[in-house]
Amino acid sequence: MFLSSILLALRSIRRNLLRSFLTILGIVIGVSAVITMVTLGNGATLAVQNQISGLGTNLLQIRPGQRMGPGSGGAPTFKDTYVDAIAQQIGGIYAVAAEGRATATVVAGGRNWSSSVIGSTNEWLKTGNWQLATGREFTAEEIRAGAAVCIIGATVKRELFGNADPMGELMRVKEFSCEIIGVLASKGQGAFGNDQDDMVLVPLNTLQRRITGSKRIGTLLVSMADGSEPERVKASLRQLLRELRKLSPADEDNFNILDTKQLADTLSGTTQVMTMLLGAVAGVSLLVGGIGIMNIMLVSVTERTREIGLRLAIGALEREVLLQFLIEAVVLAALGGLIGIALATLASVVLAGVMGVPYVFNVSVNLLSFVFSAGIGVVFGYFPARRAARLDPIEALRHE
Amino acid sequence: MTAVAEQPLIQLRNITKVYGEGRLAFQALKGVDLDIAQGDFVAIMGPSGSGKSTAMNTLGCLDRPTTGEYLFKGAHVESLTRDERALLRRQFFGFVFQGFHLLARTTALENVELPLLYRGEPKAQRHAAARKALAAVGLSGWEDHTPAELSGGQQQRVAIARAIVTEPVVLLADEPTGNLDSQRSNEIMELLWRLNAELGITVLMVTHEPDMAQYARRIVRFVDGLLDSDHPNPAPVVLAREQAQAATAAAEAH
């Protein structure tokens, strides 16, 4: 009975190719639209989160001036004494580093490359979650004395040395040469599309004496310890900085504290809203596809009712007829769903590549949209048939 | 010629059929007694609303009588469930409808083998039986044509092939010539006669055309839900013609 029902169902699909095709198409469009949209949206969210977490976890960036962003607006820069003050007086801190930056051409092995040179301490590596691929950190003596040593980023290593080992090589930075003592592991693209690996790290004193020639410190980086309360840390930081910079209660802050976690939450919140929006739009297409399926199924009810009447008259049992129609509906719905998923996967992978966001297979979205549209296919393929199969054969045969 | 069975194949005893309920109730059959012997060819006639189609549906186990007894091969049919009646139809009955009711976009062969699929017969046997049935109705070579590619008469012959493919005991035909012109109608009636005379299939046919009824061995007439008349046909068309030809041949021989 089961085998003959399968045969009958497949014959029915073949005999109504256009109807079957339209049913499948409805499911395919619905399923693939929802999956593609949600997958890309999730990919975009993930990309933003990845980029921001690349800045460092629980990282506070403190810059002179009232506004966020570059340019101190005339506000006094920081002094390196701030670092010790912060480290000693504020709890819940994992690492704190002063950072000075300059852009310089670096030369080694006959090749040159323009990169940013960062002056700081070993703490800087901690605040940025940097790992050494090879080599070592600075020694305390090197930091104090402003020694001619440097740690280079992966991009600089690639551009100047290719596959060769740069350890111990001399690299010229502006007017002086430094010895390469370490290479950092690659972190890739940053939150704003910048190449984080395109940098050279030297002790802060080295940068100030040999490159910039000033004691300016542009940025303080404060990395909070896990489990510390960001608001509390920020409040005490603000208090301390106001004291160090001798601001009276009437004065406004002449520095700003940027919380990357907050930035990450805001940005990924935005992309999540976008994902929901895209998902909603795609959901409408799923619904429209579903209505298309209902339409096709209901239009064919008259023809099917007569067919069912005939089958019953020549001796088919009600359950045999139902099984046939159920199999037919399930086959079409499953086929449509699988094609939809395949199409969505293809589209998602290609579009994710084009948009530069990661592709992550989302099980729940695939499952949900498959179940939804397949459910519509089965329900609207099966229930009109069930109604017809319960009629008397003669009544069904005479159905107008 | 007429097989004398110990008991009639079909016995209807005081059959009534009421459609609807209460004041809207309509009594289509008002107490019908009818015996049909194996091998008979019965034309059921009567004006519209006389109950002939209802009687036909009851005879074919498509419908249950409201009251009364229906014995098929001596077994009570009126109390069977839906599924039991379906199995009975599958086993013993073949149906031909006025509107043919072939599956669209489906070849003649697949249409004809449909009842065998529900019987669960293997493919080779299904195909062989379907080809044989199509050959019996004169449609050899048309197996792969769909209904749209066949004339009305051919479609009705496919429908007859579908009805006889299971080698039924009873063939029920509800106005089988209702949609056909007179030449095609006569062809169909000749075919039904042959199935009856040569294969011994009991044929029950509803018709309102007296010409077609003349092909049967027995003519029963319904009026107003009751059996009005029931008499054998003294000269079924084909039999009369064959006898006339035989007589002519005999006369020429002398």
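Our subject in this report is the structure included herewith. Note that the coordinates shown come from a computational prediction; the quantities given were computed from them, not determined experimentally.

Turning our attention to the overall build of chain A. Counting secondary structure elements, chain A contains 13 helices and 10 strands. Taking as baseline every contact in chain A between residues at least 6 positions apart, the subset at least 24 positions apart corresponds to 84%.

This part is about the overall build of chain B. Per the secondary structure count, chain B includes 8 helices and 10 strands. Sorting the 254 residues of chain B into buried and exposed places 46% on the buried side. For chain B, long-range pairs separated by at least 24 residues make up 67% of all intrachain contacts whose partners lie at least 6 apart in sequence.

Quick look at the packing of helix α10 (residues 301-313) of chain A against helix α12 (residues 363-389) of chain A now. Residues and elements named next belong to chain A. Where α10 contacts α12, the two axes come as close as 9 Å, and the packing angle between them is 40 degrees. As judged from the angle between their axes, α10 and α12 are oblique. The element α10 and its partner α12 pack so that their crossing is right-handed. Contacts between α10 and α12 involve V301, R304, T305 and I308 from the first element and P384, A385, A388 and A389 from the second. A breakdown of the residues in the contact of α10 with α12 according to their chemical character gives 6 nonpolar, 1 polar and 1 charged.

Residue and element names in this part refer to chain B. The mixed open sheet is built from 6 strands, whose spatial order is β6-β7-β8-β3-β9-β10. Across the chains shown, the open sheet's two edge strands, defined by having one partner strand only, are β6 (93-96) and β10 (226-232). Taken over all neighbouring pairs, the strand axes of this sheet differ in orientation by 15 degrees on average, direction set aside. Bridge count between strand β3 (residues 41-45) and strand β9 (residues 218-223): 4 bridges; the pairing is parallel. Bridge pairing in β9 places I44 opposite V220.

Turning next to helix α1 (residues 52-59) of chain B. All names here are of chain B. The element α1 is largely enclosed, with a buried count of 8 among its 8 residues. Those residues of α1 not exposed but buried are K52, S53, T54, A55, M56, N57, T58 and L59. In the stretch just after α1, C61 is the one whose phi turns positive, near 60 degrees.

Residue and element names in this part refer to chain B. Of the strand pairs in this sheet, β9 and β10 are connected by 6 bridges, and their pairing is antiparallel. What sits directly across from V220, in β10, is D230. Here β9 hands over to β10 after 2 residues, with D224 in that stretch at a positive phi of 55 degrees.

Facing the 21 residues of chain B at the interface are 21 residues of chain A. Listing elements by their share of the side of chain B that touches chain A, those giving two or more residues are α2 (82-92) and α3 (108-119) of chain B. With 6 residues, α2(B) is the largest single contributor of residues to the side of chain B that touches chain A.

Judged by nonpolar contacts, the single largest core of 123 residues is most densely connected at B:I44, B:A161, B:L171 and B:L204. A total of 14 residues in this core trace back to one element, the largest contributor, which is helix α2 (residues 17-53) of chain A. Apart from the residues within four sequence positions on either side, B:A161 is in contact with B:V112, B:A133, B:L134, B:A136, B:V137 and B:L139. Counting 51 residues, the second-largest nonpolar core is a separate cluster that includes A:I62, A:A102, A:I152 and A:I180.

Residue and element names in this part refer to chain B. Read across the sheet, 4 strands follow the order β2-β1-β4-β5 without closing on themselves; strand pairing throughout is antiparallel. Among the strands making up the open sheet, the edge pair consists of β2 (26-36) and β5 (75-76). One ladder, built from 5 bridges, connects strand β1 (residues 10-19) with strand β4 (residues 67-72); its direction is antiparallel. The partner of L12 across the bridge, within β4, is Y70.

With glycine set apart, most residues show a phi of negative sign, and most peptide bonds adopt trans. Phi angles above zero are rare outside glycine, and A:K246 is one such case at about 55 degrees. Mapped onto the elements, A:K246 comes out in the loop between α8 (230-244) and β10 (255-259). With a phi close to 45 degrees, B:E175 is a non-glycine residue in the positive phi region. Within the secondary structure layout, B:E175 lies in the loop between β7 (170-174) and α6 (182-199).

Turning to helix α5 (residues 152-164) of chain B, a few remarks are in order. Residues and elements named next belong to chain B. In a regular helix each residue adds 1.5 Å, so 13 residues correspond to 18 Å; α5 covers 18 Å between its end C-alpha atoms and thus fits that length. When we look at burial in α5, the residues that qualify are G153, Q154, Q155, Q156, R157, V158, A159, I160, A161, R162, A163 and I164. Those residues of α5 that are buried lie in contact with β6, α3, α4 (123-136), β7 and α6.

Further remarks concern the packing of α3(B) against α5(B). Residue and element names in this part refer to chain B. For the pair α3 and α5, the least separation of the axes is 7 Å and the interaxial angle reads 30 degrees. If you check the angle between α3 and α5, you find them roughly parallel. Handedness of the crossing formed by α3 with α5: right-handed. Across the interface between the two elements, A108, N111, V112, L114 and P115 of α3 pack against V158, A161 and R162 of α5. A per-class count over the contact of α3 with α5 returns 6 nonpolar, 1 polar and 1 charged.

Below, the discussion takes up the environment of A:V38. All names here are of chain A. Inspection of the secondary structure puts V38 in helix α2. Note: C-alpha distance between V38 and T275 (237 residues apart in sequence) is 6.0 Å. Leaving out residues up to four positions away in the same chain, V38 has contacts with T275, L278, G279, A282, N362 and V365.

Residue and element names in this part refer to chain A. In terms of burial, strand β9 (residues 219-224) is largely enclosed, as 5 of its 6 residues are buried. Pairing geometry for strand β1 (residues 59-64) and β9, over 4 bridges, is antiparallel. Bridging from a neighbouring strand, L60 pairs with V222 of β9.

Definitions and limits used
Residues numbered from 1 in each chain as written. Chains lettered and ligands numbered in written order. Predicted model: local features only at pLDDT ≥ 70, side-chain atom pairs only at ≥ 80, totals over all residues. Helix = DSSP H or I, 4+ residues; strand = E, 2+ residues; numbered from the N terminus. Contact = placed C-beta atoms within 7 Å. Buried ≥ 20, exposed ≤ 12 C-beta atoms within 10 Å, placed from the backbone. Axes fitted to C-alpha atoms, helices over the stretch in contact; angles between N-to-C directions. Parallel < 35°, antiparallel > 145°, perpendicular 65-115°, else oblique. Left-handed = near helix turned anticlockwise from the far one by under 90°. Nonpolar A, V, L, I, M, F, W, Y, C, P; charged D, E, K, R; others polar. Pairing = 2+ DSSP bridges. Core = buried A, V, L, I, M, F, W, Y, C linked by C-beta atoms within 7 Å. Expected span 1.5 Å × (residues − 1).

Limitation: the analysis is restricted to geometry and does not speak to function.
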